[in-house]
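# Residue-level structural notes
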Amino acid sequence: MKINLRVSLKIPDAEAATVKNTLRRRMGYGAVLAELGKERLWSIDVDDSVADPADLARRLARELVNENKESYKATVDSIDFEDGYVPVKVGLRIEDAEAISAQNRLRNRLGFDMVRSVERSSIWKLSLRAEEPERTAEEIAEGLLINPHKDYYEIMR
Amino acid sequence: MRIIGLNDREVEAGLRSVGLGLTVSEARSVAEALGRDPTVPELFNYDTMWSEHCSYKSSRATLNEFLHTEGPNVVQGPEEDAGIVAIDDEWCVVIAHESHNHPSQILPNEGAATGIGGIVRDVNCMGAKVVATADPLRFGDPYGEDKNHVRWVAEGVVDGIWQYGNALGVPIIAGDVVFDDSFDSNCLVNVVAVGVVKRGEIIKSRAPAGAGEKGYDVIVVGKPTDSSGFGGVTFASEELREEDEEANRGAIQIPDPFLKNVLFKANEALFKLTRDEGIVIGFKDLGGGGFTCASSEMGASAGYGMDLDLDLLHKASEDLPPEVVACAETQERFMLICPPELTPRALKIYNEDWDLPNVYEGARASVVGKVTTDGRYITRYRGIVTCDISIEHLTRGIRYEREERPRVIDLEEPEIAAPEDLSEVLLKVLASPNVSSREHIYRYYDTEVQGNTVIRPGEADAGLIAPVRGEKFGIALSVDANPFYGRISPYWAGATAVAEAMRNVAAIGAYPATLTDCLNFGNPEKPEAFWEFRECVRGLADAAKALWLKGYEDTPVPIVSGNVSFYNESPDGAVDPSPIIACVGLIDDVRDAVTMELKKAGDSVYLIGPRFDELGGSEYYRTVHGVTGKNVPIVRFELERNMIYAVIDSIAEKLVVAAHDISNGGLGATAAEMALAGRAGLGLELDLDAAGSDLSADRLIFSESSGFLLECREGAEEELETLLKGYGLDIMKLGNVTSSPELFMNHKGNTVVRMDLSAAKKAWTAGLSEAMR
Amino acid sequence: MKVAVIQFPGTNCEHETLVAARSAGLAGEIFRWNRPAEELTEFDGYIIPGGFSYQDRLRAGAIASKEPVMDALREEAERGKPIIGICNGFQILTESGLLPGLGGVDVALASNVMVSKGEIVRRGFYCAWTTLRCETPARRCSGSFILDKGDLVSMPLAHAEGNLVTADEDLMERLNEEDQIVFRYCDEGGNVEREFPVNVNGSRENIAGICNPEGNVLGLMPHPERSSFAWQLPPTDSAKSAGDMTAPGPGRRIFESMKRYIEVMR
């Protein structure tokens, strides 16, 4: 079973602002890119025998989310994205040391024995004024959001 | 807001309903001074300016009573954002020291980062180039009840420091970390920043002469004002309660090192322009108290008034109420006061050359008003006057006479049997989170940026930079305070912190030129906490006074900057009294400085400073025996001064090739660290009988009485001994550097310590990373 | 001989880099990123110094690589002028495809991962002195022009993203064959050990610096400007206090190389 924590910042996201500015000012998406947002996504694979996944999600969030600056939405197995943007998931295709360290911390120090693996990625939410928004989103992902030698991307719908 | 004619309960209810921290009597005194009911924005301005953080209302009288802030080398004492002392006829060093404790407990990363951000602005706004920072940190017990939370705070704080400090481009060259359960719910995050400026190019944080008469422009530069940090100074002036965390969060500021980096460069361009044209400006950072604090202080300190239009200030959104615009603590902002003829060029530097609007959404420089001569502090918003008060009354602040009462604690010296195997005990002390190598942390810090670094963390007791290319002089920096001593004796905690900070810079050959104090205590409304505060200040002032500025008899080392942080307290109790001291040392030629690692087999090793039965609060008592004890190390002022001067002179005369002061872990830890800090292959053989003391071996090895170990240059033994005798010091030649990686200590014919240094290195290196894992 | 030290918003090593370049006999100035790009043509060489351009947002170097000034630099590179990218400068050069210079983006400088005995022992930012072994013969590349194969140069590094990776399995062979791997991390004796602390960030084959096929563009993670004067050295180095304040440190040879390259090539 997979617990997904979608985490967004409550404070201004300077990284998203810079990426948006670069796409609009330097890469010709001024008329196309209406809005750009970002979330972090933790996908945590846990034992199927977990009885109360919602409660487990809450307990995991307490360790992985800093609610003083972030809010989160938890789902089990699937993720449903809202309308109005193209969600682009960007993750590492090489070994992710931060995810491994989070996994070790959860399992070894904090006693979450049911955790099997932890995956970490970003969701870029692109609101596009384009004929084929998915096509444009791919272009943006390949043109800026990823370096293909370490990252992969996936259009999430 | 109605105050006149209401009873106390009604006034109280009114104040709290809008989120004001002012007391009823404070609010009444405002109404009385105005002769009318104040507006809500006016009350918020008073709330800000009369907070403990801005007005020092509890501490000012004590600070004035004890601290020596003047001296022959002082260019500027604590009256502005940072203190300044002279290096030579041309150059000055600028220093500021602050705490950012409360925010770091709640949002460790942003809290610690904002701490650095604020302090470097304080130094930069004096016209200085910021050249170094130091971070004294106090965290809870990493193996105690709250260990997971303690480690979360510790990791977040260190991340915040490197993510902000490294990006800013200022090297972190010093710091210390202490773990102690009194910090479980209240971490301490202090920050020191140091800058350099030419004496003739210092910029004042006040309106220049003539600014009122000629109607100088008031300009705000930087991030668009938002609501972040609103209530921040009030937050820093209250105890932390868990149920308030959500509300306190709003008081946290969000730093941006990238924007700061660009702002510094734009400031540099502005400063150059004003120097080239001979124009005098006023420049100040917007820190605690935000726009209100900066604008009112800049006007009042020059005897002028201010007429300011909040509509002209660039904001992140247009729906902020006037008191939020005025009092929020949005980071990365400065205030400039300049003659109108400079204004267009100043705006161009920020808005076009450095392109602030594209560096950060909504950032820019905006003219927001004028300096006036009428002594009024006026703000307007959406066409109405929201504040019209006497600027002098607002900034004068208030004073409280706090009650003090000695804290009575039951202390005694333990009866302990000397352990059988002192090698094992020493290994345990070396592996303790408070003694072990600090490498785990300092490798996260960019200690090299700017390319000025001469001595880095881990190489000696103090960091050293050569901050001006083409000049040989160096600035040394160290920080110190021992909370375990504070628990036993606040007075001696203050005095030993000063002495140790000075010993640290002396150990590399620099002379202590100035001190700063950041005083971290509990709730001053509690008489015991206020007594602890006064005792610490008295102790540190006595030490600064008695240890003399080198070259000037009977002249204190001046304390030119500092900060008081009260309310480091939660329902579980207050932090151990923590007077954290930073010392700036100066050396004429950085190439003469020495480090602590052993240099050469065969060299003689000398002990400076007799050992006393002073193990109260020691690492040995706490880590090995689980007790605190009573006999805290004291400072024998004349002896201490002679030791410090002798070490400085012996390094200047090139008699000494390595030096390390004795502190946590005593002589044993000091000796081991000298061997562990360098390349493998060298060791030490020491004869404790040469220390001329009848203490038992364990007390000799682990007493934390002040002192030094010196490695003498081969052939210079006689000269060194003559120099030491000249200062009235005992000659205690303990032994030699050996060519095998082992540490031997002999006592009364027995080898009491025999330690394999390669095994010890593993334990010493792992102690801190284990505690922070 | 005049070099431009390119300053992006967030760059923080431009001043000491210019000082180090001058100590090697180069003249130069700091060039703000939004100055008219055509003014770049008057310089004989370019250095992109370290720092955090755009605060490493998204990925180190990714945002700066889209700035117009990089297009101008690409043209200068095609004319054979030398470009040296240090730390963040190296990251910008890889993100813009100027390195390894095979037509696209061919490598990434990923987050540091310190591996010892197969375990991840640390990650993230790391600041320490390191030794580099020169892997190419003299004159191969602008920034190692006067260094011989096997020469050791010590200098500090300080970065969070210096772990060179590639998804192109043939690339390493090609870089080796074409002598594009200029520097590797090694111990003080010159041994290239594959694990931390010698391989300080997990980089493929201990790579610390690479050049383009033509050799005029070099990127390296460590900081030669922080090792250009003897007094900057660590205390265990016997050269530390030798000589006056202008006595050279080993890192200066990178800038001396650049100077020599300009002299020979123009």
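Let us look at the structure shown here. Fair warning: this is a prediction, and the values are worked out from it, not measured in the lab. (Residues numbered from 1 in each chain as written. Chains lettered and ligands numbered in written order. Predicted model: local features only at pLDDT ≥ 70, side-chain atom pairs only at ≥ 80, totals over all residues. Heavy atoms only, no water.)

### What about the interface of chain C and chain B?
Applied cut-off: Contacts are assigned to residue pairs with any non-hydrogen atoms lying within 4.5 Å of each other. The term buried area means the drop in 1.4 Å probe accessible area that two parts suffer when joined, counted for both and summed. We define a salt bridge as a side-chain nitrogen of Lys or Arg found within 4 Å of a carboxyl oxygen belonging to Asp or Glu. Polar contacts here mean pairs of N or O atoms no more than 3.5 Å apart (in protein, one a potential hydrogen donor and the other a potential acceptor; neighbouring residues in sequence count only if both atoms are side-chain atoms). Amino acids are sorted into nonpolar (Ala, Val, Leu, Ile, Met, Phe, Trp, Tyr, Cys and Pro), charged (Asp, Glu, Lys and Arg) and polar (every other residue, Gly among them).
Across the contact, 41 residues belong to chain C and 43 residues belong to chain B. For the chain C and chain B pair, buried surface summed over both sides reaches about 3,500 Å², with 55% attributable to carbon and sulfur atoms. By the criterion of area lost to chain B, the three top residues of chain C are C:Phe125, C:Trp231 and C:Met245, representing 17% of everything that side buries. The tally of links between chain C and chain B comes to four salt bridges. Residues C:Glu14 and B:Lys265 are paired through a salt bridge, measuring 2.5 Å at the closest nitrogen-oxygen approach. At the junction of chain C with chain B, the criterion picks out 21 residue pairs in polar contact (both at pLDDT 80 or more). Across the side of chain C that touches chain B, the residue classes break down as 20 nonpolar, 11 polar and 10 charged.

### So, the sheet that holds strand E11 (residues 364-372) of chain B
Sheet strands associate in pairs through backbone hydrogen bonding, adopting either a parallel or an antiparallel arrangement. All names here are of chain B. To keep it simple, the criterion reads: Pairing between two strands is assigned when DSSP locates at least 2 bridges connecting them. Put simply, DSSP H or I for four residues or longer makes a helix, DSSP E for two residues or longer makes a strand, and each gets a number counted from the N terminus. To obtain each axis, a line is fitted to C-alpha atoms, and for helices this fit is confined to the stretch in contact; angles are then taken between N-to-C directions over 0 to 180 degrees.
One open sheet accounts for seven strands, arranged E8-E10-E7-E11-E9-E12-E13; its pairing is mixed. The open sheet terminates on both sides in strands that have one partner only, identified here as strand E8 (282-285) and strand E13 (384-390). The mean inter-strand angle of the sheet, taken between neighbouring strand axes irrespective of direction, is 20 degrees. Relative to E11, strand E9 (residues 305-309) runs antiparallel, the two being bridged by four bridges. Paired with Asp 307 across the strands is Lys 370, a residue of E11. Strand contacts of helix H14 (residues 343-353): strand E7 (217-222), E8, strand E10 (333-338) and E11, with the helix running at about 150 degrees to E11, the strand carrying the most contacts.

### Some thoughts on a negative patch on the surface
All names here are of chain C. To keep things clear, this is the line we draw: Patches here: salt-bridge-free residues with over 30% relative accessible area, like charges joined within 9 Å, nonpolar side chains (Val, Leu, Ile, Met, Phe, Trp, Tyr) joined within 5 Å. Accessibility throughout is a Shrake-Rupley quantity obtained with a 1.4 Å probe, and a residue counts as covered only by protein chains that appear here. Just so you know, the count uses Lys and Arg for positive and Asp and Glu for negative, and it drops His and the chain ends. Here the site of a charge means atom NZ of a Lys, CZ of an Arg, CG of an Asp or CD of a Glu. Burial status follows relative accessibility: with a 1.4 Å probe on protein chains alone, a residue under 20% of its type maximum counts as buried, one over 50% as exposed, and anything between as partly exposed.
There is a patch of like negative charges on the surface, built from Asp 170, Glu 173, Glu 177 and Glu 178. Within the secondary structure layout, Glu 173 lies in helix H4 (residues 171-177). Among the residues examined, Glu 173 registers a relative accessible area of 51% and is labelled exposed.

### Focus on the packing of aromatic side chains
Residues and elements named next belong to chain B. Just so we agree on the cut-off: Only rings of Phe, Tyr and Trp enter the pairing, Trp through its six-membered ring, and a pair is recorded when the two centres are within 6.5 Å. The plane angle decides the type: under 30 degrees is stacked, over 60 is edge-to-face, the rest tilted.
In total, this model carries 23 aromatic pairs over all chains according to the counting rule given. Ring centres of Tyr 46 and Trp 50 lie 5.0 Å apart, and the angle between their planes is 75 degrees; this geometry places the pair in the edge-to-face category. The pair formed by Tyr 46 and Trp 50 is uniform in burial state, with each residue classed as buried. Of the aromatic side chains, those joined through ring pairs into one cluster are Phe 521, Phe 530, Phe 533 and Phe 566.

### Details of the sheet that holds strand E1 (residues 2-7) of chain C
Residues and elements named next belong to chain C. With mixed pairing, the nine strands of this open sheet are ordered in space as E2-E1-E3-E4-E13-E12-E11-E8-E9. Looking along the sheet, the strands with just one partner apiece sit at the ends: strand E2 (27-32) and strand E9 (152-159). With direction set aside, neighbouring strand axes in the sheet form an average angle of 25 degrees. Bridge analysis of E1 against E2 gives six bridges, and the strand direction is parallel. Its bridge partner being in E2, Ala 4 is matched across the sheet by Glu 29. Sitting on the sheet, helix H1 (residues 14-23) touches E1, E2, strand E3 (45-48) and strand E4 (83-86), and the angle it makes with E2 is about 160 degrees.

### Considerations on the state of the cysteines
The test is simple: The disulfide criterion used throughout: a pair of cysteine sulfur atoms within 2.5 Å.
Inspection of every chain in the model, using the stated rule, returns zero disulfides over all chains. We note that B:Cys92 lacks a disulfide partner, and the nearest cysteine sulfur, in B:Cys125, lies 15 Å from it. Residue classification places B:Cys92 among the buried positions, given a relative accessible area of 0%. Summary of cysteine pairing: C:Cys211 is not part of a disulfide, and the nearest cysteine sulfur, belonging to C:Cys141, is at 4.6 Å.

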